[in-house]
Amino acid sequence: MNLDMLKMLGSGAKMMAMLPINLLSGKANGDYPIRKESSWDEEKEDILERANWLCQQVIKEPSQLIADAPSVIGKEYQGEWAIYSCSMLTHALANISVLYLDKANQCPAIIAKLIDIVNTPEMRNYDTMQWKEDAIKSLHSDKCGHMTYLSILAWMITNYRLIGGDGRYDTLLDACCDALNRRMHLSKYDLNLLSFPRKPIWLPDMLVTIVALKNYSRLHNGKYGDTVEAWLHNAKTKWIHKRTGLLAGTLPGASYRQKGIQIRGSHTALNCSYLSLVDPEFARQQYELMKKVFGHETTLLGTSVMGLKEYQNKLPNFSVKPGDAGLIIKGLSAGSMAFAPGAPTYLGDWEFRSQILRTAEIASGTIKEKGKRHYRMADMFLVGEATVLAMRTNIKR
C-alpha cells in the first residue's frame, strides 16, 4: 500500500469527522472538557452500527476468521489478529451493555459466541506454533508460557461474567487464572511472563493478564488481588523509562538482546488504556506523559490532524509493522491511533478523544449501509475496527 492508496481510502471522510467535537461543552474544574449528558446518545447509532458490522465479520468459523486477515502477514500474525478481533469486540459489547441498557440482554449471548470461537484449537494455533504445545491441554503445567492466549480468553470470560453472563465458563476461567497467577510467581522476570519464546517481555500483553486477574478478583472476593498489586508496584518502581517517565513497552527477555527499557507510541497507548481498567490514577499520570512525549500534529490528506507518533525521534513517511504499530504514515501509526481513545474515554478527556476519532475518520473514512458501518481500512484490517470500538467505549463498569 502507498500514499496514493491511502488517499483513496480517506476520500469522502466528511461523514462524522466533526461529530465528536460537537459532544463537548465547557470545562470540568479547569481540567478536561465536560461531556454533554446526551453525548452517548448522539454517538449511539454510530457505535451500534459498527458493532453490527463487526459481529457479522467476526462471528464465523475460526478458520475463516483467521483466513480473512491478509495472508502476507503470515499465519502467526493472522492468528493473533483473529483472536484480538474477538477480544476487542467482546470488550466493546460489554461496554455497550452498560452504555445502552436496551442492549444489555443481547450482549452476553453474543459474547458467548465469541468465547466459543476463541476456545478452539484453530484459534490458539498461533500460540501452539510458538510454544509447541496446546495452551489448554497444558493448563496444569508450570511451564511459564501461553500468556497471550490464556489472558485473552480469561479477559473475555470475565467480561462475560461481569455483565451478567452465566457460569458455563467458570471452570475454564478458574483454570486459566490459576495458571496465569501460578506461572507469574514462578517466573524469573519479576512476575512477568513471555508472550512468546525468544522474544522480549511485552508489557501491553502482560497488562491483559493483569486486567483479567483484576476482573477475577472482583468476581471472587479479591482473589489474586495481591498479585495484581505486586505487579503494579513493580511497574511503577522498576519498569519506568527514565528519560520520559513512561511505563516500558518492552523489557529484555531470555535469549533476546535489547538495550534496556524500550517505549513506542502504540505500546504506550495500549498500556494507558489497560491501566485505566486496573489503576486509573497511574493511568492518568501515564496518559498525560504519553500526550507530551508522543502527541504529534501533522497534515493528512490536506487537513491538520492530531495523533500519536510511533517513535520518539523519527517520523517515517511510510512503514508497516504488522505486530503492533501497523501502518505508519507521516510518523503516525495505525496501532497507536486505534489504542489511543481508550484512556481518554475512561478518564474523560473528551477533547483529545475527539481529535483522535476525527483523525481516524479523515485517514480512513466510513462506509455506511443497511444498518452497519465501518472504516474503509477495516476491509483489510478488521482488528483495527474492533480495537477502535473497544477503546472508544472504554468506560468504567
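To be clear, the structure that these remarks concern was listed above.
About the criteria used
- Sequence order as written defines residue numbering, which begins from 1 separately in each chain.
- For a predicted model such as this one, the threshold for reporting local features is a pLDDT of at least 70, and the threshold for listing and counting side-chain atom pairs is 80 or more; totals across whole chains, interfaces and linings nevertheless cover every residue.
- To get the side-chain values, take all heavy atoms of the structure and skip hydrogens and water.
- Put simply, DSSP marks the helices as runs of H or I at least four residues long and the strands as runs of E at least two long, and each gets a number from the N terminus on.
- Only protein chains enter the calculation, and the probe is 1.4 Å; a residue is then buried if its accessible area is under 20% of its type maximum, exposed if over 50%, and partly exposed in between.
- By definition, two strands form a pair when at least two bridges between them are found by DSSP.
- Salt bridges are identified by distance alone: a Lys or Arg side-chain nitrogen within 4 Å of an Asp or Glu carboxyl oxygen.
- The axes are straight lines fitted to the C-alpha atoms, using for helices just the contacting stretch, and the angles between their N-to-C directions are given from 0 to 180°.
- Handedness of a crossing is defined here by the sense of rotation of the near helix relative to the far one, left-handed for an anticlockwise turn of less than a right angle and right-handed for a clockwise turn.
- Only heavy atoms enter the contact rule, under which two residues are in contact if any of them lie within 4.5 Å.
- Nonpolar residues are Ala, Val, Leu, Ile, Met, Phe, Trp, Tyr, Cys and Pro. Charged residues are Asp, Glu, Lys and Arg, and all others, Gly as well, are polar.
- In this scheme, roughly parallel covers angles under 35 degrees and roughly antiparallel covers those over 145, while 65 to 115 is roughly perpendicular and the rest are oblique.
- Throughout, nonpolar core names a set of buried Ala, Val, Leu, Ile, Met, Phe, Trp, Tyr and Cys residues whose side chains join them through atoms within 4.5 Å.
- Ring pairs shown here join Phe, Tyr and Trp side chains whose ring centres sit within 6.5 Å, with only the six-membered ring taken for Trp; geometry is labelled stacked below 30 degrees between planes, edge-to-face above 60, and tilted in between.
- For a lysine, the NZ atom is tested; for an arginine, the CZ atom; a charge sits over a ring if that atom is within 6 Å of the ring centre and within 35 degrees of the ring normal.
- We call a pair of cysteine sulfur atoms a disulfide whenever their separation is within 2.5 Å.
- By definition here, a helix of n residues has an expected span of 1.5 Å times n minus one.
- Counting rule for charge: Lys and Arg are taken as positive, Asp and Glu as negative, and neither His nor the chain ends is counted.

Undergrad: Looking at this model, I keep getting lost on unusual backbone geometry. Mind explaining?
TA: Residues apart from glycine generally show negative phi values, whereas peptide bonds are mostly found in trans. Non-glycine residue histidine 146 carries a positive phi angle of around 65 degrees. When you line up the elements, histidine 146 lands in the loop between helix H6 (125-131) and helix H7 (147-162). Of the residues examined, histidine 146 reaches a relative accessible area of 0% and is grouped as buried. Phi is positive for lysine 370, close to 50 degrees, though the residue is something other than glycine. Relative to the assigned elements, lysine 370 resides in the loop between strand S10 (366-369) and strand S11 (372-375).

Undergrad: Would you explain the pairing of S11 in this entry?
TA: In regular strands, side chains alternate between the two faces of the sheet. As paired elements, S10 and S11 share 4 bridges and run antiparallel to each other. Paired with isoleucine 367 across the strands is histidine 374, a residue of S11. Here S10 folds back onto S11, and the loop between the two strands holds 2 residues, one of which, lysine 370, carries a positive phi near 50 degrees.

Undergrad: Where do I start with the pattern of salt bridges in this structure?
TA: Counted according to the given criterion, the structure contains 23 salt bridges. Ionic pairing is found between arginine 373 and aspartate 46, a salt bridge with its closest N-O pair at 2.8 Å. With arginine 373 in strand S11 and aspartate 46 in helix H2 (residues 39-58), this residue pair connects regions lying 327 residues apart in the sequence. Residues lysine 291 and glutamate 288 are paired through a salt bridge, measuring 3.5 Å at the closest nitrogen-oxygen approach. One end of the pair is lysine 291 and the other is glutamate 288, both in helix H12 (residues 280-294) and 3 residues apart, which spans about a single turn.

Undergrad: Is there a simple way to explain the environment of aspartate 41 in this structure?
TA: Assignment of secondary structure puts aspartate 41 in helix H2. Residue aspartate 41 is classed as exposed on the basis of its relative accessible area of 56%. Along the backbone, aspartate 41 and tyrosine 100 are 59 residues apart, and their C-alpha atoms lie at a distance of 8.5 Å.

Undergrad: Is there a simple way to think about the environment of isoleucine 59 in this case?
TA: Turning to its location among the elements, isoleucine 59 is positioned in the loop between H2 and helix H3 (62-68). Taking the relative accessible area as the measure of exposure, isoleucine 59 reaches 28% and is therefore partly exposed. A sequence separation of 52 residues divides isoleucine 59 from isoleucine 111, and the C-alpha atoms of the two residues are 9.7 Å apart.

Undergrad: In this structure, what is going on with the packing of H7 against helix H9 (residues 203-219)? I would like to understand it.
TA: What describes two packed helices is the angle between their axes and the distance between those same axes. Between H7 and H9, the least distance of the axes is 8 Å, while the angle of their chain directions is 35 degrees. Classified by chirality, the crossing of H9 by H7 is left-handed. Every residue of H9 that contacts H7 at Met147, Thr148, Ser151, Ile152, Ala154, Trp155, Thr158, Arg161 and Leu162 is listed here: Asp205, Met206, Val208, Thr209, Val211, Ala212, Asn215, Tyr216, Arg218 and Leu219. Looking at the contact of H7 with H9 residue by residue, the classes come out as 11 nonpolar, 5 polar and 3 charged.

Undergrad: Can you walk me through the packing of H7 against helix H8 (residues 170-186) in this structure?
TA: Packing of H7 against H8 brings their axes to within 9 Å, and their N-to-C directions diverge by 135 degrees. Considering the angle they form, H7 stands oblique to H8. Considering how the two elements wind past one another, H7 and H8 form a crossing that is left-handed. Taken together, the residues of H8 that come into contact with H7 (itself represented by Met147, Leu150, Ser151, Leu153, Ala154, Ile157, Thr158 and Arg161) are Asp170, Leu172, Leu173, Cys176, Cys177, Ala179, Leu180 and Arg183. Each residue belonging to the contact of H7 with H8 can be placed in one class, and the counts come to 11 nonpolar, 2 polar and 3 charged.

Undergrad: Looking at this structure, how should I read the nonpolar core?
TA: A general feature of soluble globular proteins is that nonpolar side chains tend to end up buried together. Cys86, Met123, Leu203 and Trp231 are the most contacted members of the largest nonpolar core, which has 109 residues in total. Ignoring any residue separated from it by four or fewer positions in sequence, one finds leucine 203 in contact with Asn192, Trp231, Trp239, Leu247, Ala248, Gly249, Leu251 and Asn271. Core analysis: the next-biggest nonpolar cluster, separate from the first, contains 6 residues, Leu300, Leu332, Ile362 and Ala363 among them.

Undergrad: Just to check I follow, could you spell out the packing of aromatic side chains for this structure?
TA: The description of two aromatic rings rests on the distance between their centres and on the angle between their planes. All told, the structure shown has 8 aromatic pairs when counted by the stated rule. Centre to centre, the rings of tyrosine 126 and phenylalanine 196 are 6.1 Å apart; their planes meet at 80 degrees, and the pair counts as edge-to-face. A residue pair is termed long-range when its members are at least 10 positions apart, and tyrosine 126 in helix H6 and phenylalanine 196 in the loop between H8 and strand S3 (201-202) qualify at 70 residues. Accessibility assignment for this pair places tyrosine 126 and phenylalanine 196 in one class, buried. The ring of phenylalanine 352 carries lysine 291 above its face, with NZ or CZ at 5.6 Å from the centroid. Looking at lysine 314, its charged tip hangs above the ring of tyrosine 311, at a distance of 4.4 Å from the centre.

Undergrad: What is the right way to read the state of the cysteines from this model?
TA: A complete count under the given rule lists 0 disulfides for this structure. Of all cysteine sulfurs, the one in cysteine 176 lies closest to cysteine 177, which takes part in no disulfide; the gap is 6.7 Å. When its relative accessible area of 0% is taken as the criterion, cysteine 177 is described as buried.

Undergrad: Looking at this structure, how should I read H12?
TA: The periodicity of an α-helix, 3.6 residues per turn, causes residues three or four positions apart to be oriented the same way. In this model, H12 (15 residues) spans 20 Å end to end at C-alpha, consistent with the 21 Å of a helix rising 1.5 Å per residue. Listing the buried residues of H12 in full gives Phe282, Ala283, Gln286, Tyr287, Leu289, Met290, Val293 and Phe294. Where the residues of H12 are buried, they touch helix H10 (225-237), helix H11 (265-275), strand S5 (295-300), strand S6 (303-308), helix H14 (342-347) and helix H15 (350-364).

Undergrad: Just checking my understanding: could you explain the side chain of glutamate 80 for this structure?
TA: Topologically, glutamate 80 is positioned in helix H4 (residues 75-99). Among buried Asp, Glu, Lys and Arg side chains, glutamate 80 stands out as unpaired, with lysine 199 the closest opposite charge at 8.3 Å. Setting aside residues up to four positions removed in sequence, glutamate 80 forms contacts with Tyr126 and Phe196.

Undergrad: Please clarify how helix H5 (residues 107-118) should be interpreted in this entry.
TA: Between the first and last C-alpha of H5 there are 17 Å, a value that for 12 residues agrees with the 16 Å anticipated at 1.5 Å per step. On its buried face, H5 sits against H2, H3, H4 and H7.

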